[in-house]
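Commentary on secondary and tertiary structure
Residues per chain, in single letters:
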There are 2 protein chains.
Amino acid sequence: MNSPGIPLRERIIQAAIEVFAERGYNGTTVDDIVAAAGSSKGAFYFYFPNKEGLFLAIVEDFATSLASAIAGAVSQASGAMAKVEAAIEAGARAFGRDRALSKIMLVEAVGLNPAFENKRREIYARFAALIQSYLDRAVAEKDIPAIDTEVMAYAWLGAINEVVVHWLESGRPKELEKVVPDLARFIINGLRG
Amino acid sequence: MNSPGIPLRERIIQAAIEVFAERGYNGTTVDDIVAAAGSSKGAFYFYFPNKEGLFLAIVEDFATSLASAIAGAVSQASGAMAKVEAAIEAGARAFGRDRALSKIMLVEAVGLNPAFENKRREIYARFAALIQSYLDRAVAEKDIPAIDTEVMAYAWLGAINEVVVHWLESGRPKELEKVVPDLARFIINGLRG
DNA sequence: ACTGATTGACTGACGCGTCGGTTTACGGTC
DNA sequence: GACCGTAAACCGACGCGTCAGTCAATCAGT
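About the criteria used
- Residues numbered from 1 in each chain as written.
- Chains lettered and ligands numbered in written order.
- Predicted model: local features only at pLDDT ≥ 70, side-chain atom pairs only at ≥ 80, totals over all residues.
- Heavy atoms only, no water.
- Near = heavy atom within 4 Å.
- Polar contact = N/O pair within 3.5 Å; in protein donor to acceptor, adjacent residues only side chain to side chain.
- Helix = DSSP H or I, 4+ residues; strand = E, 2+ residues; numbered from the N terminus.
- Nonpolar A, V, L, I, M, F, W, Y, C, P; charged D, E, K, R; others polar.
- Contact = heavy atoms within 4.5 Å.
- Buried area = accessible area lost by both parts, 1.4 Å probe.
- Salt bridge = Lys/Arg side-chain N within 4 Å of Asp/Glu carboxyl O.
- Phe/Tyr/Trp six-rings, centres within 6.5 Å; stacked < 30°, edge-to-face > 60°.
- Buried < 20%, exposed > 50% of the residue type's maximum accessible area, 1.4 Å probe, protein only.
- Lys NZ or Arg CZ within 6 Å of the ring centre and 35° of its normal.
- Expected span 1.5 Å × (residues − 1).

For the rest of this paragraph, the subject is the protein's contact with DNA strand C. In the vicinity of DNA strand C, 15 residues are found, and the nearest of them are Ser40, Gly42, Phe46 and Tyr47 of chain A together with Lys41 of chain B. The sugar-phosphate backbone supplies 59% of the atoms of DNA strand C found within 4 Å of the protein. The separation between a phosphate oxygen of DNA strand C and a polar side-chain atom of serine 40 of chain A is 2.7 Å. Where the surface near DNA strand C is concerned, the elements lending two or more residues are helix H3 (41-47) of chain A together with helix H3 (41-47) of chain B. The element best represented in the surface near DNA strand C is H3 of chain A, accounting for 5 residues. Considering only residue class, the surface near DNA strand C consists of 6 nonpolar, 6 polar and 3 charged.

What follows is the structure in structure tokens.
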């Protein structure tokens, strides 16, 4: 049961992802995590500074890999519509691949203490800034009317966010990727004058 | 300092709203709340079953008053665009009026234990169902193309949600009501084919 | 036998909810 | 209009469970 071969540190991370997703940050104890990992309290504190450090590491990791997946997909596509669709599709694929991680990222990481909240804000800001840079260019090139691009970037982010959360909670649609065309059209059309 | 005249029960609720908004649900102790209210532990448990009961009452109250404000505004307006704008404006006004309550509703109530999560889901579902009923009618009347109205309702909800959260965190735009036209156009255009 | 990895019993702090008690408000009685 | 009984409103010290984090002991590899 102890999955030999997989290093303990990694096993603890995977176990933590499962448990955090199921019971939330405050609802999971360090004992829960080490029990799920088939390990011990001492080993936990050998590899991680504390519970908060582990959680932050998980969130930060996912954000980084999501950002690079999206950046890669966008750079490959050409044309506004294709780029938006590529971005949403890359996101849907990343969220769809790992429900537990998605839950942690979009639900469990919200509304924790101020330290966590700053981290979350910073991550959202990274994505919002990316979107906003495209919107600003589109406005400059008169592709879309002059709007508050900062606010619209967050509207866009929020739309995707909530669709993923709804999928996590209700399981609809069956495959998250199914929402990509509707969502992409919603966003593209929404920004057109 | 004890604001005589205002009944204690109400004072406790107001104090709780402030403290919950500032420190989050898990970060606030019952002692914090009664200290802020200039009251006592005993009085708290005289009026409320427990911390969870108070929090749920606050959230439920706000959701109810928000729903009726929106329903009222929508019924007064005529025409699709006007109705959407009226709904968003009523929402913006309600969220703009009380930052602390908005923070609790949209940030602090997320990702708590399963009991809270069910309540939040139920409240979101109420609003999503309202939006979806309009979308379904619009689809039936061929005003908008056949789309997944359930998913689109959540996209709409999420867009507004995130814009309000961003306003709470960054203070931009200065007046939340300023986002209404851009947001309404985003949503209306987004749904058009 | 030395070093890094791992264990789990233990501690100390913290916070919810209880409970015995005190004060306040009020209706009835003479 | 002083007196009393009583019930509701209110107080806050404390009990008790929970849980993050520690550390002395043990194990495994070299």
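Having seen the model, we can carry on.
A few words now on the interface of chain A and chain B. Contacts between the two partners involve 39 residues from chain A and, on the opposite side, 39 residues from chain B. Between chain A and chain B the total buried area reaches about 3,500 Å² when both faces are included, carbon and sulfur atoms providing 60% of it. Among the residues chain A hides against chain B, the three largest losses belong to Glu162, Glu169 and Phe186 of chain A. Together they make up 18% of the total. At the boundary of chain A and chain B, one finds 4 salt bridges. Seen at the junction of chain A and chain B, the total is 8 residue pairs in polar contact (both at pLDDT 80 or more). Among the elements of the structure, helix H6 (99-108), helix H7 (114-140), helix H8 (149-170) and helix H9 (180-191) of chain A are those that each provide at least two residues to the side of chain A that touches chain B. Per element, the largest residue contribution to the side of chain A that touches chain B is 14 residues, and it comes from H8 of chain A. Residue composition of the side of chain A that touches chain B, by class: 18 nonpolar, 9 polar and 12 charged.

This part is about the pattern of salt bridges. Applying the stated criterion across every chain, the model contains 22 salt bridges over all chains. Taken together, the shared-partner salt bridges connect Glu60, Lys119, Glu122 and Arg126 of chain A into one network.

Time to look at the packing of aromatic side chains. The geometry of an aromatic ring pair comes down to the distance between the two centres and the angle between the two planes. Within this structure, the stated rule accounts for 19 aromatic pairs over all chains. Centroid distance phenylalanine 20 of chain A to phenylalanine 55 of chain A: 5.0 Å. Interplanar angle 90°. Geometry classified as edge-to-face. Within this pair, whereas phenylalanine 20 of chain A is found in helix H1 (residues 8-23), its partner phenylalanine 55 of chain A is found in helix H4 (residues 51-76), the two being separated by 35 residues in sequence. For the pair phenylalanine 20 of chain A and phenylalanine 55 of chain A, a shared accessibility class is recorded, and that class is buried. With a centroid separation of 5.0 Å and 70° between ring planes, the pair formed by phenylalanine 44 of chain A and tyrosine 45 of chain A is classed as edge-to-face. Taking the relative accessible area as the measure of exposure, phenylalanine 44 of chain A reaches 0% and is therefore buried. Clustering of aromatic rings is evident, with ring pairs tying together Phe20, Tyr25, Phe55 and Phe116 of chain A. The ring of tryptophan 167 of chain B carries the charged tip of arginine 99 of chain B above its face, separated from the ring centre by 4.6 Å.

All names here are of chain A. For H1, with 16 residues, the first-to-last C-alpha span of 22 Å sits near the 22 Å given by 1.5 Å per residue. Of the residues making up H1, those classed as buried are Arg11, Ile12, Ile13, Ala15, Ala16, Ile17, Val19, Phe20 and Ala21. The inward-facing, buried residues of H1 contact helix H2 (30-37), H3, H4 and H6.

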